[in-house]
Amino acid sequence: QKEVEQNSGPLSVPEGAIASLNCTYSDRGSQSFFWYRQYSGKSPELIMFIYSNGDKEDGRFTAQLNKASQYVSLLIRDSQPSDSATYLCAVKSSGGGADGLTFGKGTHLIIQP
Amino acid sequence: ETGVTQSPTHLIKTRGQQVTLRCSSQSGHNTVSWYQQALGQGPQFIFQYYREEENGRGNFPPRFSGLQFPNYSSELNVNALELDDSALYLCASTPRPGTDYNEQFFGPGTRLTVL
């Protein structure tokens, strides 16, 4: 059973600070890792993806991947109230066949003005 | 570039009925995946369609079925609706399957309520 675990939160962070979101996964064969943002009542929006160990930066967002520890994280710098949302970690295993993603339950992030 | 669209936005059905949800993939994307998202949960993979055939399936019973059409649009059909089928149904498209570069882009979803 492939599992993706996230702390459900809520995670409360002051405006302007760094928000750190974490995710662990069970399938060592996982190759691709995604972070989605989901506002209440809306569909998930892809914000970052990472395939290789290390860091990947895109604007205020940094994704970090450690395959040995089966750990993925997302850092949001200079957090803004508009960043308040649920952040979903998703993982795709390698190999052919279904390309379905396995999602965690999400972390509810609150940025306090 | 046109994004993923879904219809209808909301739907109310009663237990035992059948429902059809529709999805148009993003321009240039030939693969469509369907997910079910219950309240407070992450999306769960139902199945994927590529070249009009089911390309993979998650842990959902056969009463969940689908179609893909030559224009890459897709339908999700659910028979014998149960109360637990109440959820947000999401369609996602991706440029090509079978690779590790599998960015999936979601449509706005269909909110299904089963009474």
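Residues numbered from 1 in each chain as written. Chains lettered and ligands numbered in written order. Predicted model: local features only at pLDDT ≥ 70, side-chain atom pairs only at ≥ 80, totals over all residues. Heavy atoms only, no water.

## A look at the pairing of strand E3 (residues 19–24) of chain B
Residue and element names in this part refer to chain B.
Step number 1: Relative to E3, strand E1 (residues 5–7) runs antiparallel, the two sharing three bridges. Bridge pairing links threonine 5 to serine 24 in E3.
Step number 2: Where E3 lies against strand E8 (residues 74–78), five bridges are found, and the strand directions are antiparallel. Residue pairing for E8: leucine 21 is matched across the bridge by leucine 76. (Pairing = 2+ DSSP bridges. Helix = DSSP H or I, 4+ residues; strand = E, 2+ residues; numbered from the N terminus.)

## Quick look at the sheet that holds E1(B)
For sheets, the rule is that strands pair by backbone hydrogen bonds, running either parallel or antiparallel.
Residue and element names in this part refer to chain B.
Step number 1: Taken in spatial order, the four strands line up as E1-E3-E8-E7 in an open sheet, and their pairing is antiparallel. For this open sheet the edge positions go to E1 and strand E7 (64–68), each flanked by a neighbour on one side alone. The sheet shows a mean angle of 20 degrees between the axes of neighbouring strands, taken without regard to direction. (Axes fitted to C-alpha atoms, helices over the stretch in contact; angles between N-to-C directions.)

## Considering unusual backbone geometry
Step number 1: Residue A:Pro10 follows A:Gly9 across a cis peptide bond; omega there is 10 degrees.
Step number 2: Residue position: A:Pro10 is located in the loop between strand E1 (4–5) and strand E2 (11–14).
Step number 3: Along the chain, B:Ser7 connects to B:Pro8 via a cis peptide bond; the corresponding omega equals -10 degrees.
Step number 4: Looking at the secondary structure, you find B:Pro8 in the loop between E1 and strand E2 (10–13).
Step number 5: For B:Tyr72, which is not glycine, the phi torsion reads 75 degrees and is therefore positive.
Step number 6: Take B:Tyr72: it is sitting in the loop between E7 and E8.
Step number 7: On the accessibility criterion, B:Tyr72 (36% relative accessible area) is partly exposed.
Step number 8: Phi is positive for B:Ala80, close to 50 degrees, though the residue is something other than glycine.
Step number 9: By the element assignment, B:Ala80 lies in the loop between E8 and strand E9 (87–94). (Buried < 20%, exposed > 50% of the residue type's maximum accessible area, 1.4 Å probe, protein only.)

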